[in-house]
Each structure stands twice: as structure tokens, then as C-alpha cells.
Amino acid sequence: MTWHATVLTLFPEMFPGPLGLSLAGRARDDGLWTLDAHDIRAHGLGRHRNVDDTPFGGGAGMVMRPDVISTAIAAHRPEGDPRPLIYLTPRGRLFSQADAERFASGPGLMLLCGRYEGLDQRIIEASGAEEISIGDYVLSGGEPAALVLLDACLRLLPGVMGGAESAEEESFAGGLLEYPHYTRPAEWDGRPVPPVLLSGDHGAISAWRRAQAEDTTRLRRPDLWAAHLSRRISGRQSPQ
Ligand code: ADE
């Protein structure tokens with residue numbers, strides 16, 4: 001079944017952008033997913049198609065008007081559209097691999113990209129949009145965040161990635177960061193590949209990779225490591 005993404009933005013020309021290339025682009029050519037991006041300004045007010053105004057209470061920047069956004073949503077969201085409506089904002093809940101898996105297993109997404117100081121709070125509430133952030137930094141608009149979110153979902157669609165990649169071995173899939181990878185030459189610039197990888201001993205290779213994943217996660221991501229330990233203690237993951 002085709003997975004449908006609809007994006008509402010002031011910069012529809014930013015889409016599909018990188019998603020038209022490589023893995024995602026090929027999958028789109030194969031009809032596995034579609035993307036339509038629409039200009040919010042088409043629903044702007046007056047001769048200048050205004051979409052924003054100064055904030056009540058004062059302060060810097062401009063706020064996108066709820067009436068304009070509401071009209072834009074209504075124009076592209078059929079009654080009973082089962083797809084989640086997502087508003088990309090640094091105020092949102094942090095996007096995770098679990099979200100990507102949830103979204104990829106559904107019918108698609110409708111994404112709302114804000115510029116300026118963001119959307120009037122009332123349209124966020126009235127539309128029931130899920131507010132999502134891709135990280136603790138502020139982008140100049142939601143568009144790059146929408147591209148990131150879509151990329152994470154698209155690669156999970158059935159048939160998009162070749163059989164080579166194993167979801168279980170990826171970063172975050174098991175709650176751990178991935179182990180390091182090596183290829184030929186076996187020695188490069190005085191740096192040998194870890195000998196165990198050349199041993200042909202699959203048990204030893206698995207154990208080494210597991211230890212590497214655990215050490216890297218413990219050192220770089222104490223938050224993920226703590227979550228991993230508590231899952232292990234509660235027995236929610238098979239011990240290795
Ligand atoms: N818009 C601006 N910054 C953002 C972020 N970090 N995540 C999602 N949307 C954004």
C-alpha cells in the first residue's frame with residue numbers, strides 16, 4: 001500500500017529535496033510512497049496573501065495566523081483522513097525511532113511546517129496536531145525537521161531498504177548504539193582491523209560487537225545506557 005506524505009509549508013520547493021534521491025527517491029519512483037507539498041501562502045489574506053501577524057502581548061517576531069493555517073489544513077486534509085497531523089516545533093516532544101516505526105506502519109503523515117515564531121497556539125490545539133521536535137536546537141523553520149522525520153520513516157517502509165540491513169543491528173533498534181564497522185584493506189595507514197573480525201569465529205565476533213556497542217553506549221549516551229539496564233533488569237529484553 002502506498003504511504004502518503006502531505007506537507008504544508010511556505011517553501012514547497014524545499015520538497016522532496018534530498019528525499020527525491022537515493023533510497024527514498026528510488027522507492028518513490030517505484031510507487032511505495034508519495035509526497036505532495038502545498039504553499040500555505042495560497043491561503044493567505046488580502047492582496048499580499050498575509051499569513052502572519054505581530055504577537056499579542058508584544059515581543060519579537062511574527063506568529064502564523066490560526067485562520068490561515070486552518071484553511072490550509074482543511075484544503076488538503078479530507079474529512080476522516082486517518083493520517084496523524086504533525087506540527088514540527090522545538091517545543092514538541094523529542095522524535096524517536098519508536099515514533100518513526102509507529103508512523104511508518106500507518107497510512108502516512110500530514111506535516112505542518114512553521115516559520116517565524118511559530119503558529120498561534122489555538123490552531124495547534126484545535127487541529128489536534130502532535131507537536132514534535134527533532135532535537136534541542138532551533139532551526140529557522142520546520143522544513144528541515146520535516147525532511148529528517150520523513151527520511152527516518154521512509155527507510156522503514158516495506159521494500160524501501162534492501163534485505164542487507166538488519167533492523168535489529170541498527171543504532172537504537174536494540175536500545176544500544178551500533179558497533180564500529182571495518183572493510184578492506186585489513187591494514188590501512190598503519191591501522192589494523194581488530195583481529196577478531198578476521199578470525200572467522202562468529203561467536204567471538206558477535207561477543208566483540210556486543211561489547212563494543214555496550215561500551216560506546218555507556219560512554220556516549222548514559223541516558224540510553226540507563227534505559228537499556230532497566231530493560232535488562234525487568235527482563236523485557238533477552239539477556240545475551
Ligand atoms: N523548528 C525549528 N526548530 C525545530 C526543531 N528542533 N525540531 C522541529 N521543528 C523545528
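Here the structure is a predicted model, which means the values were calculated and not measured.

A.B. asks: Got a sec to walk through the site of the ligand? Specific residues and values, please.
C.D. replies: The immediate surroundings of the ligand are formed by 13 residues, with Thr 89, Ile 134, Gly 135, Tyr 137 and Leu 139 found nearest. Leu 139 is positioned with one of its backbone polar atoms (N or O) 3.0 Å from a nitrogen atom of the ligand. In isolation the ligand exposes 260 Å². Once the protein is present, 96% of that is buried. Where the shell around the ligand is concerned, the elements lending two or more residues are strand E5 (85–94) and strand E7 (130–133). Looking at the shell around the ligand, the element that brings in the most residues is E5, giving 3 residues. Partitioning the shell around the ligand into residue classes produces 8 nonpolar, 5 polar and no charged.

A.B. asks: Outline the domain arrangement of the protein, supporting the account with residue identities and numerical values.
C.D. replies: Parsing the protein into structural domains produces domain 1 (3–154) and domain 2 (167–233). Centre-to-centre, using C-alpha coordinates, domain 1 lies 36 Å away from domain 2.

A.B. asks: Break down the sheet that holds strand E2 (residues 33–39) for me, citing the residues and quoting the values.
C.D. replies: On the basis of which strands lie adjacent, the open sheet formed by 5 strands has the order E2-E1-E6-E5-E7 and parallel pairing. For this open sheet the edge positions go to E2 and E7, each flanked by a neighbour on one side alone. In this sheet, neighbouring strand axes are inclined to one another by 35 degrees on average, regardless of whether the strands run parallel or antiparallel. Relative to strand E6 (residues 108–113), E5 runs parallel, the two being bridged by 4 bridges. Directly across from Ile 86, in E6, lies its bridge partner Leu 111. Of the strands in this sheet, strand E1 (3–9), E2, E5, E6 and E7 are in contact with helix H5 (residues 143–154), which crosses E6 at around 165 degrees.

A.B. asks: Any chance you could break down the pairing of E5 for me, citing the residues and the numbers?
C.D. replies: Pairing analysis gives 5 bridges linking E5 to E7, with the strands arranged parallel. Looking across to E7, one finds that Ile 86 is bridged to Glu 130.

A.B. asks: Just give me the short version of the pattern of salt bridges, but keep the residues and values in it.
C.D. replies: According to the stated counting rule, one finds 13 salt bridges in the structure shown. Of the charged contacts in the structure, one is a salt bridge between Arg 93 and Glu 130, with a shortest N-O distance of 2.8 Å. Residue Arg 93 is found in strand E5, and its partner Glu 130 is found in strand E7; the two are separated by 37 residues along the sequence. Residue Glu 130 is classed as partly exposed on the basis of its relative accessible area, which comes to 22%. A salt bridge links Asp 120 to Arg 122, with the shortest nitrogen-to-oxygen separation between them at 2.8 Å.

A.B. asks: Hey, could you go over the packing of helix H3 (residues 97–104) against H5 for me, with residue numbers and the actual values?
C.D. replies: It is the contact of H3 with H5, at a shortest axis distance of 8 Å, that shows an interaxial angle of 70 degrees. By the criterion of interaxial angle, the relationship of H3 to H5 is roughly perpendicular. Both H3 and H5 take part in a crossing whose hand is right-handed. On H5, the residues touching Ala 100, Phe 103 and Ala 104 of H3 are Leu 149, Ala 152 and Cys 153. Here the residues of the contact of H3 with H5 are counted per class, giving 6 nonpolar, no polar and no charged.

A.B. asks: Mind laying out the packing of helix H6 (residues 202–220) against helix H7 (residues 222–233), listing which residues take part and the relevant values?
C.D. replies: At a closest axis distance of 6 Å, the pairing of H6 and H7 adopts a crossing angle of 125 degrees. Of the possible angle classes, the one that applies to H6 and H7 is oblique. Residue-level contacts link Arg 210, Glu 214, Thr 217, Arg 218, Leu 219 and Arg 220 of H6 to Pro 222, Leu 224, Trp 225, His 228 and Arg 232 of H7. Here the residues of the contact of H6 with H7 are counted per class, giving 4 nonpolar, 2 polar and 5 charged.

The rules we used
Residues numbered from 1 in each chain as written. Predicted model: local features only at pLDDT ≥ 70, side-chain atom pairs only at ≥ 80, totals over all residues. Heavy atoms only, no water. Near = heavy atom within 4 Å. Polar contact = N/O pair within 3.5 Å; in protein donor to acceptor, adjacent residues only side chain to side chain. Areas by Shrake-Rupley, 256 points an atom, 1.4 Å probe, with all protein chains shown as cover. Helix = DSSP H or I, 4+ residues; strand = E, 2+ residues; numbered from the N terminus. Nonpolar A, V, L, I, M, F, W, Y, C, P; charged D, E, K, R; others polar. Domains from an automatic or database assignment. Pairing = 2+ DSSP bridges. Axes fitted to C-alpha atoms, helices over the stretch in contact; angles between N-to-C directions. Contact = heavy atoms within 4.5 Å. Salt bridge = Lys/Arg side-chain N within 4 Å of Asp/Glu carboxyl O. Buried < 20%, exposed > 50% of the residue type's maximum accessible area, 1.4 Å probe, protein only. Parallel < 35°, antiparallel > 145°, perpendicular 65-115°, else oblique. Left-handed = near helix turned anticlockwise from the far one by under 90°.

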